[in-house]
Amino acid sequence: MKRKYLKCLIVIVVVSLMGIFIYQNINKENKPLPEVKLKEIVNKNKSFAIMIQEKSETDKYQEYSSNTWPGDDYKFKEAKCIDNNGDEIKEAVTYENGKVTLTTNKTVYCTIYFDKSIIGKLREKDTQKYLSTDKQGGMYRYQASFPDSDSSEMTNWICFGTTDNCGTNDDNIDKYMYRIIGITPEGQLYLIKETAIKEDTAAGFRWNSKREISDCLGETCEWPNVDLHKRINGTSNKTSPGGNGDTNLFLGTKNYQSPYDYLTEGTEWYSLIETYKWMYGDINQDILISTLYNGDKMYELETGKVAITRYWPDEGQETCSSDNLCSKKEYIWSKNINAKVSLMYIHDYYYSYYDGSDSSTRGNAESYDKLANSWLHFLKDGYNTLSTEHEWLSTRLGVYSDGAFGVRAWSISPSGEVNAGNTSFDCRNIVRPVFYLNSNIKINDGDGTKTNPYIINIEI
């Protein structure tokens, strides 16, 4: 009878421990907790301890005393567990989606170790607090502007395509320098090329060869099918040179190279770029004005969280004119394309300020004057000085009339405005690709400034 009672007691202890580990909230009564070491006399009133890495460059840990699990600045490393005799119990703990699960038939005492995540490492270098402490449009974003801060001193400069410091001369900056727009909670860096892409002497490229409404019915002129999307993703597979054809502009294949050799299919750098699910759709001029320079509202629109309206021909109608205007229809972003590379959204640009634009000028014409000075504007650092050109975005404007109806896409003007002019598909605007990196990447060196940019360890 005593043996049966003892077995029941052991089961109760194990089940209790599993309950402690599965829930994300840590029992405050178990704090402070000592680090568990093998063959050490254990205080049986203490069930587990949590230790966090002090700095990313060291192996020193300190006790974590909060009543919640370490946040996105940390990632689970390992758990070490011992039994009543001080013997190690291996593979007793698993960690997934913020939950620790203990599986064992023994009474155990565990130490759970968390290392600095890539987010935590970026925050260590971010002495001026450019990286937002809360999620802005689904990620932590770098947010600052002139004249409040010097863009070159921001800590979001990163080399991609080389393991050397690419901030040493203009040629290296032009080929290898990128900026970190933000980082997802899962640790994916979101990069934009610092300078506009080029093909020989050409630095301006059209969004699409077709632009008439009659040519753009259905999906023909939607983002996955337009010339520019294909050219930056390496799927054009044409060979005409000089910027007027359909050659690959950014990513390349083994048969169809791009001007950026490190981005050819099969290279280590190419493999670091994630295939991402990019949403796409239209934002008409009325909607843009009603959400003027408000990143939060624009993010909701460009991710399909809020329904909007757009102008589009009625069924059977192939065009619009002053006598036959397109109808205004309810519309919601619902489509996406799996691809490695895209262009900025409107909300990415707005979020160069905290909450999407400077709140003191949000919703009026002064906002774009401020945005012209933001770190994300294409003229910010003295590069891309073709000031007569705009910068293409991936968001389509849809039907637009300036006396002749056609389909257009949005662009950023030299003055900082998200602009309806110079947005006909056949305009030749500058292009700065954006993409996400694999969450397993590691940063070897650098402090994120222009002269000492982050260097990526490509051995993952």
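Anything mentioned here points back to the structure above.
A short tour of the structure in this document, coming up. (Residues numbered from 1 in each chain as written. Predicted model: local features only at pLDDT ≥ 70, side-chain atom pairs only at ≥ 80, totals over all residues. Heavy atoms only, no water.)

### What to know about the state of the cysteines
Working step 1: The full count for this structure, using the stated rule, is three disulfides.
Working step 2: The partner cysteine of C159 in its disulfide is C166, sulfur to sulfur 2.2 Å. Across the S-S bond linking C159 and C166, the dihedral sits near -100 degrees, which makes this disulfide left-handed. Like C166, C159 is buried.
Working step 3: Paired by a disulfide, C216 and C221 hold their sulfur atoms 2.0 Å apart. On the S-S bond that ties C216 to C221, the torsion sits near -65 degrees, and the link is left-handed. Across the pair, exposure class does not vary: C216 and C221 are buried alike. (Disulfide = S-S within 2.5 Å. Buried < 20%, exposed > 50% of the residue type's maximum accessible area, 1.4 Å probe, protein only.)

### Considering the pairing of strand 6 (residues 99–102)
Working step 1: The side-chain alternation of strand 6 yields one buried face, formed by V100 and L102, and one unburied face, formed by K99 and T101.
Working step 2: One ladder, built from four bridges, connects strand 5 (residues 93–96) with strand 6; its direction is antiparallel. In the strand pairing of strand 6, V93 is matched with L102.
Working step 3: Following strand 5, the chain reverses through two residues before pairing antiparallel with strand 6; N97 in that reversal takes a positive phi of roughly 55 degrees. (Helix = DSSP H or I, 4+ residues; strand = E, 2+ residues; numbered from the N terminus. Pairing = 2+ DSSP bridges.)

### Remarks on helix 7 (residues 295–302)
Working step 1: Regarding helix 7, the residues found buried are G295, M298, Y299, L301 and E302. Down the axis of helix 7, the smallest arc covering the buried residues is 160 degrees, so these residues share one side.
Working step 2: Where helix 7 begins, the side chain of N294 points an oxygen toward the backbone nitrogen of D296, at a separation of 3.2 Å.
Working step 3: In the stretch just after helix 7, G304 is the one whose phi turns positive, near 75 degrees. (Arc of directions from axis to C-beta. Polar contact = N/O pair within 3.5 Å; in protein donor to acceptor, adjacent residues only side chain to side chain.)

### Description of the environment of G398
Working step 1: Here G398 shows up in strand 16 (residues 391–401).
Working step 2: For the pair G398 and R310, spaced 88 residues apart in the sequence, the C-alpha separation amounts to 7.6 Å.
Working step 3: Excluding its chain neighbours within four sequence positions, the residues that come into contact with G398 are D282, G406, V407 and R408. (Contact = heavy atoms within 4.5 Å.)

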